[in-house]
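# An overview of the molecular structure
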Amino acid sequence: MSRPDYDRFRLRTFLAGLAQLGELETHAEAFKLADVSRVLEGNPKAVLFERIGAERQALAGNVLGSRARMAHAFGVAPHALLAEVRRRLSNQPEIVEVARDEAPVQHVVLTGAEADLTALPVHLQHGYDGAPYISAAMDFAVDNATGWTNVGLRRLMLRGRHETGIDLVAPSDLRTIFLASLDRREPLPLSIVVGGHPIDYLAATMRLPVDELGLISSLRGAPLPVVKGITNDIRVPADAEWVIEGTLDVHGYTEPEGPYGEFLGYYGGVKTNPVFRVTAITRRRDAVFQTLAISGRTMSRTDTAQLSGLRTEVLVWRALETAIREPVAVCASTATGGVYNV
């Protein structure tokens, strides 16, 4: 086949489209990490900080924080979004593996001491959080039982230059895969994508019994270029912005993680969670880091409420099709987090 289009589904391209629509607030001046959350809180627009923190890197936030922007990612009007997602779920996936020297996400490779998490534009999200968090962390892991790639959405609490906590308490596919690796007394390889197209983030929330690389391709409606990691063989989208590679510690649930401003609008306490140890960081040359707005005074404008609401609508529609046969419409309220009110 022809060379993959590495820009069609990249975050920076999507941001450029939002700018044309008047949906992007841009800060070209140098900006402190400590001021990021103040700008994102309740902001009706997506925000791009072009020179954030000491390293003067690019950081995007609130990208998914409206139904209109989510619909724009799928190329439809907001009222047609649910139907379009349901339609795309039936697409036949196509995965295209590319060489490491071709993949844009591996144009810059940092290993060893250079793979430093404290050099990334990670900010304190809520005033009483236990540490700065990477909130836009899409995790990719291979399930030994099926050979499938599992994709999820997790938060990572910085614990130092080369390790984080990871919230892995609630039932999830990744927790099941991790517990199986602990039974084998093996660390679990994990790759974290930070900075991706809104479609990829929606795919990461779905939790369907399929190889979820294929789910990303189906929802994109296009072939998905993937590349194996530098320090593992996990395949991730080759057109992503950043990837953090590492392992979940073989010692299991050992370290405190939290507190954290949860997606339903309150603080969660300190939990005991695994440790993620970094082995490599790779990125595009002009990479955009990403942060997801989670919780806050204006819940409906958070990224997680919009993702959760759309996912809930898909799942409820499927249940209604089975029980009622003729559903007409479904709406999950994002004002309450997108999960418990339909």
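To be clear, the structure that these remarks concern was listed above.
Calculation criteria
Residues numbered from 1 in each chain as written. Predicted model: local features only at pLDDT ≥ 70, side-chain atom pairs only at ≥ 80, totals over all residues. Heavy atoms only, no water. Salt bridge = Lys/Arg side-chain N within 4 Å of Asp/Glu carboxyl O. Helix = DSSP H or I, 4+ residues; strand = E, 2+ residues; numbered from the N terminus. Buried < 20%, exposed > 50% of the residue type's maximum accessible area, 1.4 Å probe, protein only. Pairing = 2+ DSSP bridges. Axes fitted to C-alpha atoms, helices over the stretch in contact; angles between N-to-C directions. Contact = heavy atoms within 4.5 Å.

Inspection of the entire model under this criterion finds 26 salt bridges. Of the charged contacts in the structure, one is a salt bridge between aspartate 167 and lysine 271, with a shortest N-O distance of 3.3 Å. Separated by 104 residues along the polypeptide, aspartate 167 in the loop between strand E8 (163-166) and helix H5 (173-183) and lysine 271 in strand E16 (residues 271-273) bring together distant segments of the chain. Looking at lysine 271, the relative accessible area reads 24%, which means it is partly exposed. Close ionic contact of aspartate 239 with arginine 220 constitutes a salt bridge, the shortest N to O distance being 2.8 Å. Placement of the pair is aspartate 239 in the loop between strand E11 (235-237) and strand E12 (242-248) and arginine 220 in helix H7 (residues 212-220), with a sequence separation of 19 residues. In terms of burial, aspartate 239 and arginine 220 fall into one category: buried. In this structure, a network of salt bridges that share partners links the residues Arg155, Asp167, Glu257, Glu262 and Lys271.

The sheet built from three strands is open, its strands ordered E4-E10-E11 with mixed pairing. In this open sheet, the two edge strands, each paired with only one partner strand, are strand E4 (95-97) and E11. For this sheet the average axis-to-axis angle between neighbouring strands, irrespective of direction, equals 40°. Both E4 and strand E10 (residues 224-228) contribute to a ladder of three bridges, which runs parallel. Across the sheet, the residue bridging to glutamate 97 is valine 226, located in E10. With respect to the sheet, H7 is in contact with E4, E10 and E11, its orientation differing from that of E10 by roughly 155°.

Tracing the chain through its elements places leucine 320 in helix H8 (residues 303-323). Its relative accessible area of 25% is what places leucine 320 among the partly exposed residues. Residues leucine 320 and phenylalanine 178 lie 142 residues apart in sequence; the distance between their C-alpha atoms is 33 Å. When sequence neighbours within four positions are dropped, the list of residues in contact with leucine 320 reads Arg325, Pro327 and Val330.

Quick look at the sheet that holds strand E3 (residues 57-61) now. Taken together, four strands build an open sheet; the order of strands is E1-E2-E3-E18 and the sheet is mixed. One side of each edge strand has no neighbouring strand; the edge strands of this open sheet are strand E1 (24-31) and strand E18 (288-291). When the angles between neighbouring strand axes are averaged without regard to direction, this sheet yields 25°. Where E3 meets E18, four bridges bridge the pair, whose relative direction is parallel. In the strand pairing of E18, leucine 59 is matched with phenylalanine 289. Here helix H1 (residues 11-21) sits on the sheet in contact with E1, strand E2 (46-52), E3 and E18, set at roughly 75° to E18.

Time to look at the pairing of strand E6 (residues 133-142). The buried fraction of E6 amounts to nine of the ten residues, a majority that puts the element mostly inside the structure. Pairing of E6 with strand E7 (residues 149-158), which is carried by eight bridges, proceeds in the antiparallel orientation. Pairing of isoleucine 134 across the sheet is with leucine 156, part of E7. In textbook terms, the turn of a hairpin is the stretch between consecutive antiparallel strands, and for E6 and E7 this stretch comprises six residues, one of which, glycine 147, has a positive phi near 80°. The pairing of E6 with strand E9 (residues 188-194) spans four bridges and is antiparallel. Bridging from a neighbouring strand, alanine 137 pairs with valine 194 of E9.

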